[in-house]
Amino acid sequence: MTQPYSWKRNLIVLWIGVFFCSTAYSVSIPFIPLFLHNDLGVNSHLEMWSGFAFGITFLASALIAPYWGSLADKYGRKPMLIRSGFSLAALYFITFFIHDPYVFLVLRVFQGLLAGYVPAAIALVATNTPEEKSGYALGIMATSGATGGIMGPLIGGTVSHYIGNRESFVFSGCIVLVAALIATFFATEHKFNRSGVRSSVLDDLKHASHNKAFLTLLGMSGLAMFSVMILEPLLTVYVLQLGTNEHDASLQSGIVFSAVGIATLIAAPQWGKFGSRIGFSKVLFIGLLGGGIGNCLQFFVGHIAEFGILRFVYGLFFAGVTPAINAMIVKSTETSFRGRAFSLNQSATQFATMLGPVIGGVLGGIIPIKWVFIINGIMLMIAAILVKRQHMEEKMAASKAAAEQS
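Being a predicted model, the structure only gives us computed values, none of them experimental.

Notes on the overall build of the protein chain
Here is step 1 of the chain: When helices and strands are tallied, the protein chain shows 18 helices and zero strands.
Here is step 2 of the chain: In terms of overall size, the protein chain behaves like a compact globule, its C-alpha atoms giving a radius of gyration of 21 Å where 406 residues would be expected to give roughly 22 Å.
Here is step 3 of the chain: Seen through its principal axes, the protein chain has C-alpha atoms that stretch 60 × 50 × 35 Å.
Here is step 4 of the chain: In the protein chain, buried positions account for 54% of the 406 residues.
Here is step 5 of the chain: Only carbon and sulfur atoms are counted for the fraction: they give 69% of the accessible area of the protein chain, which is about 17,700 Å².
Here is step 6 of the chain: Computed over 26 positive and 18 negative side-chain charges, the inter-centroid distance for the protein chain is 10 Å.

Structure (structure tokens):
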């Protein structure tokens, strides 16, 4: 029997671990173009090199995630935390010593292949938390990545400016090493049964294909991430179009970017609690609908202040989407499949992370950026209507019962 206090202890420990892991990523990765240009000597086609360096990691991570999920359900989620934490720390440290851009791309592939700290942490929290508290716990976990995403670029910009782009990877390695040590010495996983036979990835995909509610949630998870990432290459340009001068564009864009993260910190735990009372499908519906309307309203802004306020309000609603999806994954899958479920969810979000900026950049070159907000908003509102019409709560219960009987 899980001790009553241990899930809270795990939640705190893993929140800190995910915070450090997310911070490490955003300390050095946003400055990849500068590293390629200033340290690795890439002077031509810098945009292409940067795009490959970003995208290749997400592709590798998306392809390998189901395999790590299978291992997590066989050997435990804590070993996956330890594996990914120490591996990523080593890769960040190795990056400091390289001077060839092709070697850097190889390291970026390995960073994708050996990732998995965040989904393993979420799966461990979801599995070791009482079901009635899972919504609250997963809402809290959603704030850890948001906090790291806010703090990381600020820390990374300072480190890159005063120490150097190359040294920022060492700094990231030290932060991930802390996350790995936290997982090793403080995270606990209760009575994990390692006697079962490890399934193949093909079997896992077949198993998932029979769970209609889970497949719907994977689609919603990928769509939510795609919705965020399609705007990634456009927000700074849109800030300039709103009349901000180039000298202040970086600062103003940073404030706009952080508005959504701050809103997530405030709202995500509350959505987790709210979902436990009214049902997570309703929270998902409200989050998608609010996110859709919020995107459409950004079409009409005429000043940077209006844009920042709208991004914050949009973030308050959209903050409910990820914890709702994670809680619904818990409710629609059996415990023995939980690690694989969250790894498949990671695959969906990583593919979306890779595709979103590419499609957003193409759309931004074809139509005015403000129309991309309309397209994004309509897409989210259609998703909200689909969630409403599919009666997800009943489907989740039926899917979980069928999976446990099979």
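Back to the text.
Looking at the environment of Gln 390
Here is step 1 of the chain: Among the secondary structure elements, Gln 390 is positioned in the loop between α17 (369-389) and α18 (392-405).
Here is step 2 of the chain: Between the C-alpha atom of Gln 390 and that of Thr 216, which follows or precedes it by 174 residues, the distance is 9.5 Å.

Things to note about the packing of helix α3 (residues 46-75) against helix α16 (residues 338-366)
Here is step 1 of the chain: Between α3 and α16, whose axes approach to 7 Å, the crossing angle comes to 175 degrees. Taken together, α3 and α16 sit at an angle that is classed as roughly antiparallel.

Structural notes on the nonpolar core
Among soluble globular proteins, nonpolar side chains are generally buried collectively.
Here is step 1 of the chain: By size, the foremost hydrophobic cluster in this structure holds 38 residues, and its most contacted members are Phe 214, Met 220, Leu 284, Leu 288, Val 321, Ile 329 and Phe 342.
Here is step 2 of the chain: Top contributing element to this core by residue count: helix α15 (residues 321-332), with seven residues.
Here is step 3 of the chain: Not counting residues within four places of it along the chain, the set of residues in contact with Phe 214 comprises Ala 208, Ile 329, Ser 332, Thr 333, Phe 337, Ala 341 and Leu 344.

About the criteria used
Residues numbered from 1 in each chain as written. Predicted model: local features only at pLDDT ≥ 70, side-chain atom pairs only at ≥ 80, totals over all residues. Heavy atoms only, no water. Helix = DSSP H or I, 4+ residues; strand = E, 2+ residues; numbered from the N terminus. Rg over C-alpha atoms; globule rule 2.2 N^0.38 Å. Buried < 20%, exposed > 50% of the residue type's maximum accessible area, 1.4 Å probe, protein only. Areas by Shrake-Rupley, 256 points an atom, 1.4 Å probe, with all protein chains shown as cover. Lys, Arg positive; Asp, Glu negative; His and termini not counted. Charge placed at Lys NZ, Arg CZ, Asp CG, Glu CD. Axes fitted to C-alpha atoms, helices over the stretch in contact; angles between N-to-C directions. Parallel < 35°, antiparallel > 145°, perpendicular 65-115°, else oblique. Core = buried A, V, L, I, M, F, W, Y, C linked by side-chain atoms within 4.5 Å. Contact = heavy atoms within 4.5 Å.

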